[in-house]
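Geometric and topological summary
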Amino acid sequence: ARAPRLGGARAASPRAQPRCPASLPDGEDAWEAPPTKPSRKARVRGFDVDAAVAGAPNAARRSGLRAAPSQGEDVTFIEREAFANLGGIDGGSAQPPPLPVLAEDEAADVDEDEDEEVDEEAGAKPPIGTSAEVVEAHATLLELLEKRQPAKVLRSLKVLEKKGAPLDRQAYQIGLSACEQLGVWEVAAELLNSVESRDIEPSGRMFTSALAACTKAGRWREAIALLSRLTMGRTTNAHPYVLVIKACGAAGEWKRAMDIHEAMLGAGVRPTVRSYGAMLGAVSKAPEGAVAPEATLELLDEMQNQWGIAMDSYTAMAAFRALSALRDWRGALELVSQMRTRAQEAEEVANEANAAGMIADEEDGVPHTRAPTPTLPRALTTQVYTAAMGVCARCGRVAAAEKLLGYMKEDGLRPTAVTYATLVHACAQAGDWRRALELLDLSEAEAANDGKADTQLAGELNSQLARCDAAELVGETTAAAVLPDAVGAISSALYAYGGALRACAKAGEHGEVLNLFDRIKANGLVPNAYCYHQAILACEHAGSLKVVFELIDEMKPNGVPPNIYCYTAAVQVCAARGSFNAALNLVDRMCSDGPKPTAVTYNVLLRGAVNAAQNGMENGLETAAKVLEQMPKLGAKPDGYSYSMVINAFALAGRPDEALKWLKRMPKEFVSPMTYQGLISALCEAGLAPVAMQQLAAMRKAGHAPTARTTRLLLDEFGADDFGD
């Protein structure tokens, strides 16, 4: 199914009713508000500011805002009270009010204006008539805050409180801003309670500073409780909700983050691009498979079509990650086209306004001093274009990726080394190794000009492609279980080399793989594990076993410890080149020094033993059977492929008794029609057609219907009359 299109015109569908917070304690069937609201006169007493600043806070007990409970403690009260006061949770309609659509710059700058409130409120001049003592306290606290000494701000505030100084709202706002910088949520709660005890109405900015402290400290439950206090009888903007969503997302509570988003809409608060960005960040922390990529695209579609909020670079990157997971390269091209169209329309509007302003200035006789209109919005950046190319690269669509490169240059953006490296990987997926080498040269030249690389994006894209390469190494049935990511955050140069190595390996140009590996070292780079893996695999068809062991031996001194990926490749090369003893030695070395062998490693070894037996190795099948028998003791559970290799090898060697013995020992969850098909095929090839017929009957008795291939094999041996019904 095609992914939903982003940014296209469609009718805004009514939103579903807001969901209740995700997890309920056992025995509770509904999420009901408690009969009383949390007290706004909560108190925190006896808190040690110095201990909090030092990172060793004492336990704080209060009403409406309490510390996160320990494991096993009931957490229902704080969440139920908090959510009871958030708009929309108690059944109100979440249909967004008909608010005017903000222009792109206005929508992007809403939260920036909120951030500026910090300095405006904390640094405001005291009201006329304020005592000299209060003015002096303001000056002292503000000076410390401006010098980025928040710990001293809190200590000074505590001293002033003990002296009984007549502190006002501004002084406490400065203290809460210090808490925000330090992330000391307990001190922020103490200050809020002190404010209320002095009959000072806390401002929304005070609560927002306390929320930011909770977010920085990762206290999502306390953040929810503070948000409920903030929204009691107040109207607020999206910024406090953004902070709570971020806190939930950082803690992995992505379902709670979605609930807060729904509560914000239910309260009639207009979302912003930052609130959607925080939501997408929280959803990205969900366990793999918990949130479908389509859900991300639906969220972005809602942001654009229902609320008229334009994408920024962060939300655009989230869109391309979802499209990459769906392998929807057409969707990536369409989204870039839509973003470019919107950019051009915005530029035309700005130019018209600029021209009108020039005419007005000329008519008034005022010199024209207007700033030039930017030619590109913030959403379309080099990194965003590169991410879109990454979607095409994953699908092997070289022409589409190069089309995006043309758009990028038309928009006045300079491709980076990572951009060209992404194109190299597109060629690798498509198997165009010559074009990959041409682009590699461009990537190297660009890396020399840049002086630095976008290592985060390069690592993210290369990790995805390394997983695909793992599947090719060991087969689709076993790859997912054992092989970790081969790369982390790497330089753009190694990212490009990895793509070129992959392209040459897929094309069977194994000599070029080894030449590229030598080129990496000649250029003063240290190959990473992915590059070593490709070079080791190339030795199966080029090079020698001596080179394989030299590569394994040099990895650790170069700061790249051999991982399971590289060791498994080395075992495969040794087994494929007929050196089964060398493969055994490598497995022994893994058991003693390296990463422990996995089922995939032993399957490669089993395949080598079977091949060696078929090539005349004495006791080769017995060795394979012994390896299979020892696997559970060595911490690697055999899979269906492990058993099938040994069963079919004995059958092909004309030893049906041993084959049937291992078939009986095979766990039932691994027995399938393919198991019997392989056995019957091996028996027929060995000239044991009667035994094959017996296994056909056993196959039917076990409840497995013969496949068409199995039937054809036996028809070739016996004819149709021997099958009966």
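Scoring rules and cut-offs
- Residues numbered from 1 in each chain as written.
- Predicted model: local features only at pLDDT ≥ 70, side-chain atom pairs only at ≥ 80, totals over all residues.
- Heavy atoms only, no water.
- Helix = DSSP H or I, 4+ residues; strand = E, 2+ residues; numbered from the N terminus.
- Buried < 20%, exposed > 50% of the residue type's maximum accessible area, 1.4 Å probe, protein only.
- Contact = heavy atoms within 4.5 Å.
- Areas by Shrake-Rupley, 256 points an atom, 1.4 Å probe, with all protein chains shown as cover.
- Axes fitted to C-alpha atoms, helices over the stretch in contact; angles between N-to-C directions.
- Parallel < 35°, antiparallel > 145°, perpendicular 65-115°, else oblique.
- Salt bridge = Lys/Arg side-chain N within 4 Å of Asp/Glu carboxyl O.
- Phe/Tyr/Trp six-rings, centres within 6.5 Å; stacked < 30°, edge-to-face > 60°.
- Lys NZ or Arg CZ within 6 Å of the ring centre and 35° of its normal.
- pLDDT = per-residue confidence, 0-100.
- Core = buried A, V, L, I, M, F, W, Y, C linked by side-chain atoms within 4.5 Å.
- Left-handed = near helix turned anticlockwise from the far one by under 90°.
- Nonpolar A, V, L, I, M, F, W, Y, C, P; charged D, E, K, R; others polar.
- Arc of directions from axis to C-beta.

**Section: the overall build of the protein chain**
- Each helix and strand counted, the protein chain has 34 helices and zero strands in total.
- When the 725 residues of the protein chain are sorted by exposure, 50% land in the buried category.
- When contacts within the protein chain are restricted to residue pairs at least 6 apart in sequence, long-range pairs at least 24 apart make up 71% of them.
- Carbon and sulfur atoms make up 50% of the accessible area of the protein chain, which totals about 33200 Å².

**Examining the packing of helix α31 (residues 656-665) against helix α32 (residues 673-685)**
- Across the interface, α31 lies against α32 with an axial gap of 12 Å and an inter-helix angle of 175°. If you check the angle between α31 and α32, you find them roughly antiparallel. Counted together, Pro656, Ala659, Leu660 and Leu663 of α31 and Thr675, Tyr676, Leu679 and Leu683 of α32 form the full contact between these two elements.

**Digging into the pattern of salt bridges**
- Within the structure shown, the criterion is met by 14 salt bridges.
- A salt bridge links Arg340 to Asp411; the shortest N-O distance between them is 3.1 Å. Within this pair, whereas Arg340 is found in helix α15 (residues 329-364), its partner Asp411 is found in the loop between α17 (398-410) and α18 (417-430), the two being separated by 71 residues in sequence. Both residues of the pair, Arg340 and Asp411, count as buried.
- Between Asp441 and Arg519 there is a salt bridge; the shortest N-O distance is 2.8 Å. With a gap of 78 residues between them, Asp441 in helix α19 (residues 433-450) and Arg519 in helix α23 (residues 510-522) connect regions that are remote in the sequence.
- A single salt-bridge network, built from bridges that share partners, covers Arg340, Glu410 and Asp411.

**Notes on unusual backbone geometry**
- Of note, the phi angle at Asp199 is positive, near 60°, even though the residue is not glycine.
- Structurally, Asp199 can be placed in the loop between α7 (185-197) and α8 (204-217).
- The residue Arg327 is not glycine, and still its phi comes out positive at about 55°.
- For Arg327, the location among the structural elements is in the loop between α14 (313-326) and α15.

**A closer look at the environment of Glu717**
- Within the secondary structure, Glu717 sits in helix α34 (residues 708-718).
- Residues Glu717 and Ala692, spaced 25 residues apart in sequence, show a C-alpha to C-alpha distance of 9.8 Å.
- Filtering out sequence-adjacent residues up to four positions away, Glu717 remains in contact with Cys684 and Ala689.

**Re helix α12 (residues 273-283)**
- For α12, a buried count of 10 out of 11 residues is recorded, marking the element as mostly surrounded by other parts of the structure.
- Every buried residue of α12 is accounted for by Val273, Ser275, Tyr276, Gly277, Ala278, Met279, Leu280, Gly281, Ala282 and Val283.

**Details of the packing of aromatic side chains**
- Per the counting criterion, the structure on display carries two aromatic pairs.
- Between Tyr643 and Trp662, the aromatic rings sit 6.5 Å apart at their centres with planes inclined by 50°, giving tilted as the arrangement. Of this pair, Tyr643 sits in helix α30 (residues 640-652) while Trp662 sits in helix α31, placing them 19 residues apart in sequence. Both residues of the pair, Tyr643 and Trp662, count as buried.
- Lying across the ring of Tyr407, Arg340 places its NZ or CZ 4.4 Å from the centre.

**Focus on the side chain of Gln677**
- Residue position: Gln677 is located in helix α32.
- The residues contacting Gln677, other than those within four sequence positions of it, are Thr707, Arg709 and Thr710.

**What about the confidence of the model for the protein chain?**
- Per-chain confidence: the protein chain averages 75 in pLDDT, with 71% of residues scoring 70 or above.
- Looking across the protein chain, the model is least confident in helix α21 (residues 479-482), with a mean pLDDT of 27, and most confident in α17, with 94.
- Every residue in residues 125-129 scores below 50 in pLDDT, and together they form four contacts with partners more than four places removed in sequence or on other chains.

**Remarks on the environment of Ala151**
- Along the chain, the position of Ala151 falls in helix α5 (residues 150-162).
- Put simply, Ala151 and Ala178 are 27 residues apart on the chain and 7.1 Å apart in space, counted from C-alpha to C-alpha.

**What about the nonpolar core?**
- Counting 189 residues, the largest nonpolar core has Phe320 and Ile536 as its most contacted members.
- Once you skip the residues sitting within four places of it in the chain, Phe320 turns out to touch Ala332, Leu335, Val336, Val384, Ala387, Ala388 and Val391.

**As for the side chain of Thr296**
- By the secondary structure assignment, Thr296 is in helix α13 (residues 293-306).
- Judged by relative accessible area, which is 13%, Thr296 ranks as buried.

**Here's the deal with the packing of helix α22 (residues 492-506) against helix α24 (residues 529-538)**
- Across the interface, α22 lies against α24 with an axial gap of 9 Å and an inter-helix angle of 20°. Between α22 and α24, the angle falls in the class roughly parallel. The handedness of the crossing between α22 and α24 is left-handed. In contact with Leu494, Gly498, Leu501, Arg502 and Ala505 of α22, α24 contributes Tyr530, Cys531 and Gln534.
- The residue makeup of the contact of α22 with α24, split by class, is five nonpolar, two polar and one charged.

**Description of the environment of Leu226**
- Along the chain, Leu226 falls in helix α9 (residues 220-230).
- Measuring from C-alpha to C-alpha, the distance between Leu226 and Val244 comes to 9.2 Å, with 18 residues separating the pair along the chain.

**A short note on helix α29 (residues 620-630)**
- For α29, the full list of buried residues reads Gly620, Leu621, Ala624, Ala625, Val627 and Leu628. Buried residues of α29, viewed axially, fall in a sector of 160°; they line one side.
- Packing partners of the buried residues in α29 comprise α28 (599-614), α30 and α31.

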